[in-house]
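Secondary and tertiary structure notes
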Amino acid sequence: MRVSLEQAIAELKKGEVVAIPTETVYGLAADATNDAALRKIFATKRRPADHPLIVHISDIHQVDAWVTDFPEVAVRLAEAFWPGALTLVLPARAHVSRVVRGDEPTVALRVPDHPVALALLKQSGLSVAAPSANLFTQLSPTTAAHVEAGLGEAIPVLDGGACTVGIESTIVSVAPDGQWQLLRPGMISEADIAAVAGMPQRVKHALHEHEEIQASPKVPGQHALHYSPRTPLTLYQDRADLFAACHALQNAGKSCAALLIGEGDAPACTVVALPGQPDKVAERLYSALHALDALKVDRLLVELPPADAAWIAVLDRLTRAGHQ
Ligand code: TXA
Ligand code: MG
């Protein structure tokens, strides 16, 4: 159900959930100070309760209300990248809801760079917790229609058009001593963060569940199964292997569709070809996967981008989508 900005604010103030646009993905928002409302997020998404949520705030001046420490490094990152696709994890004040924190001692904060989201935060005076507006482990939504397809027509959706970044924010934790760690890669890169922080991150953090996560802090909610389409999906480093797989499937009477990255020949099945630039692929990645998933073929064949730094965030999401 599409709602206006005024209706969205009224619903949030009543303690209801509303799907809202951000520049990264659509979020399922609730008043970040209302535990009953926050629990509706977990129920709607069927998400485990120990997964903390990102609190969306209207500007940098809101940070102190949520955290006990706002170290100089974090201030510089916020000033450089907010509004934008960077989430900062900082030590939480005692009053911050344990539902938002998933029982962590920290809270995740972000100022979204989307005019509709910012208008909602400013006009309502609320801070809203919002995970991606999809069922747990399924593909994140980048349009209002994706939200409705995933969560049903009854969910109030504030339509702000298609998301322009297209994948979830970069998450960085900053300790009181200013040491920082990348918890989730995004389109703001590790190098971008290091340049503004003036130092490299403390420890290389394991980003996948199958790698052992030993360094603190924990990365709650980072499951290998995240972001999956319903259709089984195979990843290919080499396009020739993807062609061969397409051929073999079709010879066996199975259907397939392919996602290609960059120029070149296409296999003889339905194909979505994305341009070979990381920001363009990120913007359209989930839309392409949603569209391919809707074809209900037997298997999706997905070409991996080159394994270099510019592609880390896209590679991360594709690798997760490939874990069935
Ligand atoms: O771009 C985004 O970040 C989107 C939009 C809606 O803002 N939101 C999003 O939320 O991706 P979600 O719930 O799908 O992912 C939030 C992740 C959690 O899974 C967890 O890994 C991390 O943020 N997180 C949140 N609070 C944390 C905390 N206190 N400590 C460590 N990680 C935290
Ligand atoms: Mg998510």
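Residues numbered from 1 in each chain as written. Chains lettered and ligands numbered in written order. Predicted model: local features only at pLDDT ≥ 70, side-chain atom pairs only at ≥ 80, totals over all residues. Heavy atoms only, no water.

Strand order in the open sheet made by the 8 strands is S1-S2-S6-S3-S5-S4-S7-S8, with mixed pairing throughout. In this open sheet, the two edge strands, each paired with only one partner strand, are strand S1 (18-20) and strand S8 (180-184). Inspection of the sheet shows S1 paired to strand S2 (residues 27-31) by 3 bridges, in the antiparallel sense. Residue pairing across strands places Val18 opposite Ala29, the latter belonging to S2. (Pairing = 2+ DSSP bridges. Helix = DSSP H or I, 4+ residues; strand = E, 2+ residues; numbered from the N terminus.)

A few words on helix H2 (residues 35-45). Every buried residue of H2 is listed here: Ala37, Leu38, Ile41, Phe42 and Lys45. Summarising the axial view, the buried residues of H2 lie within an arc of 150°, below the 170-degree limit, and thus occupy one face. Exposed side chains of H2 directed beyond 90 degrees from the buried face belong to Arg39 and Ala43. Tucked inside the fold, the buried residues of H2 contact S2, helix H4 (98-101) and strand S6 (128-129). Put simply, Asn34 is the residue that caps the front of H2, since its side-chain oxygen is 3.1 Å from the backbone nitrogen of Ala36. Of the residues flanking the end of H2, it is Arg46, one or two places downstream, whose phi is positive at about 55°. (Buried < 20%, exposed > 50% of the residue type's maximum accessible area, 1.4 Å probe, protein only. Arc of directions from axis to C-beta. Contact = heavy atoms within 4.5 Å. Polar contact = N/O pair within 3.5 Å; in protein donor to acceptor, adjacent residues only side chain to side chain.)

Take the sheet that holds strand S9 (residues 233-236) next. One key point about sheets: their strands pair by backbone hydrogen bonds, in either a parallel or an antiparallel sense. Read across the open sheet, the 4 strands follow the order S9-S12-S10-S11; overall the sheet is parallel. At either margin of the open sheet sits one strand with a lone partner, and together these are S9 and strand S11 (270-274). Between one strand axis and the next, the sheet turns by 15° as a mean value, whatever way the strands run. One ladder, built from 5 bridges, connects strand S10 (residues 256-261) with S11; its direction is parallel. Residue pairing in the sheet places Leu259 in a bridge with Val272 of S11. Strands S9, S10 and strand S12 (299-303) of the sheet are contacted by helix H10 (residues 312-322), whose axis makes an angle of about 140° with S9. (Axes fitted to C-alpha atoms, helices over the stretch in contact; angles between N-to-C directions.)

These values are about where atoms sit, not about what they do.
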